[in-house]
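Fold and geometry: a report
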Amino acid sequence: MVTQISIKRSGLFFKGIFITFVILLIGGNVTQANSLQDTTKLDSQEEEVPNVFLDCQSCDKDHIKREISYVNYVRDRNDADVHVMITRERAANRGRRYSVFMIGQNGYEHLQDTLRFNVGADVSEDEARQQMLNALKTGLTSYLIKTPLWQNLNISYTKSTEQEKVEDKWNYWIFEVGFNGRISGEESREGYDFGGEIEADKVTEDIKLEFELDADYERDIYEVNSETITSIHRTYDFDGLAVWSLSQHWSAGGFTGIQSSRYENIRISYNAAPAIEFNVFPYDEATTRQLTFLYRPGFRYNVYEDSTIFNKVNEKLLRESLAIDYEIKKRWGSINLSLDLSHYFHDFSKNRISFRSSVNLNVVKGLNVYLRGGASLIHDQLSLPKGEATTEEILTRQQQLATSYDYFTRFGISYTFGSMYNNIVNPRF
């Protein structure tokens, strides 16, 4: 009798386990189905939303993603329905002019727009971000109305109040005065430097005037093996520029300047040079491409600190130069190339050739390559002083050294793979 009761109880126990297993299995399948349904729903929503690639080095991308969260942000331009390229230029009032290029892709090729706006020098960072957001929201509207999301749009227009034309009492002149300084030290070194600058600019569509005066003084004291080494650098210079707009391709103007540099053995130097420039592309396309040729003949008068290797304490020089600059910024990347050629008329062997480059390429999806570098062939160091530089002068860079060339280079490559989406913003830590 006892045995029968045990068997019955065991049967009930296994039946309970079986029923519990069936319930968990059914519940798990239901949960999995709900999860799959939710995922499918999210995927379908993502497919309806345009994919956006932000091509911008000078904007707050995290802020944009937080405020404009109704599109998908992707990390590669090839996955984008909208390639947003943002460029920035210095405006006449020391502010900035932004150009927002909306470039449609993947079925949106027919939608291409450009929005431009100016930000004043006295505008706060938050105000500038708000103007950027307004431009992006406006530009993205053309793409959103091609999707079912147009039903969620709420478009409003704020009419600007008419203002009377106000005369500029400064006549477009902008002035800036600045001062900077540094004090630093450690057990075997101490030093300080200070400097200042004064700038005056006037920029309109027809004329560009820029004047700048800089002065710097630097002093460092080193204690090496109970010996005191003092390094002093002092420079000052004045630069002036005047440019007149002749057409969409031609400009004319001139440069002037005064310079003093102990490092270059120049007590004082005066220079003046007229110049003319030709741009193959119209100047109003300068945000995306330009190819300029700048020719500049000039006169220079040098007074040296010490007698030079050519036994000169002062001299008058005639010089000419040609600068060729090419810049282009496209969806696939950017290229900047410059070539400078110059020589002195009294001796054509006293010349210099300089080349500079910066290349950033989006080769294929996820693969990016950049190269920056330059080199110069130098045969025009007329201000080099007689005699050999001491070890102290070399290490503390108090005197310019003779050289027939210089160069620099920097390069890199990166490959990114994984999720195409880049919507999440997490500012923690």
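Above this text sits the structure in question.
Described below are features of the structure shown in this document. This structure is a prediction, so every number in the text was calculated from the model and none was measured.

What counts and how
Every chain is numbered independently, its residues counted from 1 as its sequence is written. Per-residue local features of the predicted model are confined to residues with pLDDT of at least 70, and side-chain atom pairs are confined, for both listing and counting, to 80 or more; whole-chain, interface and lining totals are unaffected and use all residues. Derived side-chain values reflect all non-hydrogen atoms in the structure, with water molecules and hydrogen atoms excluded from consideration. Numbering of helices and strands runs from the N terminus; a helix is a DSSP stretch of H or I covering at least four residues, while a strand is a stretch of E covering at least two. Every residue pair with non-hydrogen atoms within 4.5 Å of one another is taken to be in contact. Accessible areas in this description were obtained via Shrake-Rupley with a 1.4 Å probe; residue shielding takes into account the shown protein chains only. Put simply, a nonpolar core is a bunch of buried Ala, Val, Leu, Ile, Met, Phe, Trp, Tyr and Cys residues held in one set by side-chain atoms that sit within 4.5 Å of each other. Burial status follows relative accessibility: with a 1.4 Å probe on protein chains alone, a residue under 20% of its type maximum counts as buried, one over 50% as exposed, and anything between as partly exposed. Here, the term disulfide refers to a pair of cysteine sulfur atoms separated by no more than 2.5 Å. Following DSSP output, two strands are said to pair if at least two bridges run between them. The angle between two axes is taken between their N-to-C directions and runs from 0 to 180 degrees, where each axis is a line fitted to C-alpha atoms and a helix contributes only its stretch in contact. The patch calculation keeps residues exceeding 30% relative accessible area without a salt bridge and links them within 9 Å when they carry like charges or within 5 Å when they are nonpolar (Val, Leu, Ile, Met, Phe, Trp, Tyr). Put simply, a salt bridge is a Lys or Arg side-chain nitrogen that is within 4 Å of an Asp or Glu carboxyl oxygen. Paired rings are identified among Phe, Tyr and Trp, the last through its six-membered ring, by centres lying within 6.5 Å, and are further divided according to the angle between planes into stacked (under 30 degrees), edge-to-face (over 60) and tilted (the rest).

**What to know about the overall build of the protein**
Of regular secondary structure, the protein possesses four helices and 17 strands. Taking all contacts inside the protein whose residues are at least 6 apart in sequence as the whole, residues at least 24 apart take part in 54%. Just so you have it, the protein exposes about 28100 Å², and 55% of that area is on carbon and sulfur atoms.

**Digging into the nonpolar core**
Residues I64, V84, I86 and V100 are the most contacted members of the largest nonpolar core, which totals 29 residues. Among the secondary structure elements, those contributing two or more residues to this core are strand 1 (51-55), strand 3 (82-90), strand 4 (96-104), strand 5 (112-119) and helix 3 (125-144). In contact with I64, not counting residues within four places along its chain, are L54, C59, Y73, M132, L133 and L136. Core analysis: the next-biggest nonpolar cluster, separate from the first, contains five residues, Y304, L317, Y344 and L382 among them.

**Some details on the state of the cysteines**
Here is the idea: a disulfide is a covalent bond, and it sits between the sulfur atoms of two cysteines. All chains considered together, the criterion is met by one disulfide. Bridging C56 to C59, the disulfide has an S-S length of 2.2 Å. Here C56 falls in the buried class, since its relative accessible area comes to 3%. Using a relative accessible area of 18% as the deciding quantity, one classes C59 as buried.

**Concerning the sheet that holds strand 2 (residues 72-73)**
On the basis of which strands lie adjacent, the open sheet formed by five strands has the order 2-1-3-4-5 and mixed pairing. Two strands in the sheet have a free side with no partner beyond their single neighbour: strand 2 and strand 5. Inspection of the sheet shows strand 3 paired to strand 4 by nine bridges, in the antiparallel sense. Looking across to strand 4, one finds that R90 is bridged to R96. Most of the contacts of helix 3 go to strand 5, to which it runs at about 165°, and overall it touches strand 1, strand 3, strand 4 and strand 5.

**Considering the sheet that holds strand 7 (residues 189-203)**
Pairing is antiparallel across the open sheet formed by twelve strands, whose spatial order is 6-7-8-9-10-11-12-13-14-15-16-17. Both outer strands of the open sheet, strand 6 (173-186) and strand 17 (405-415), are each paired with one neighbouring strand and no more. On average, adjacent strands in this sheet sit at an angle of 10° to one another, irrespective of strand direction. As paired elements, strand 11 (residues 266-279) and strand 12 (residues 289-304) share ten bridges and run antiparallel to each other. In the strand pairing of strand 12, Y270 is matched with Y301.

**Here's the deal with a nonpolar patch on the surface**
A cluster of nonpolar side chains, namely W244, L246, W250, I276 and Y295, defines an oily patch on the protein surface of about 510 Å² accessible area. In this fold, W250 is placed in strand 10 (residues 250-261). Residue W250 is classed as partly exposed on the basis of its relative accessible area, which comes to 39%.

**Looking at the packing of aromatic side chains**
This model, assessed by the stated rule, comprises 14 aromatic pairs. Summarising the aromatic geometry, the rings of Y108 and Y143 are spaced 5.8 Å apart at their centres and angled 55° between planes, so their arrangement reads as tilted. You can see Y108 sitting in the loop between strand 4 and strand 5 and its partner Y143 sitting in helix 3, a full 35 residues away along the chain. You'll find Y108 and Y143 in the same group, each marked buried. Their ring planes at 90° and their centres at 6.2 Å tell us that F345 and F348 sit as a pair that is edge-to-face. You can call F345 partly exposed: its relative accessible area is 37%.

This is a description of form; function is not addressed.
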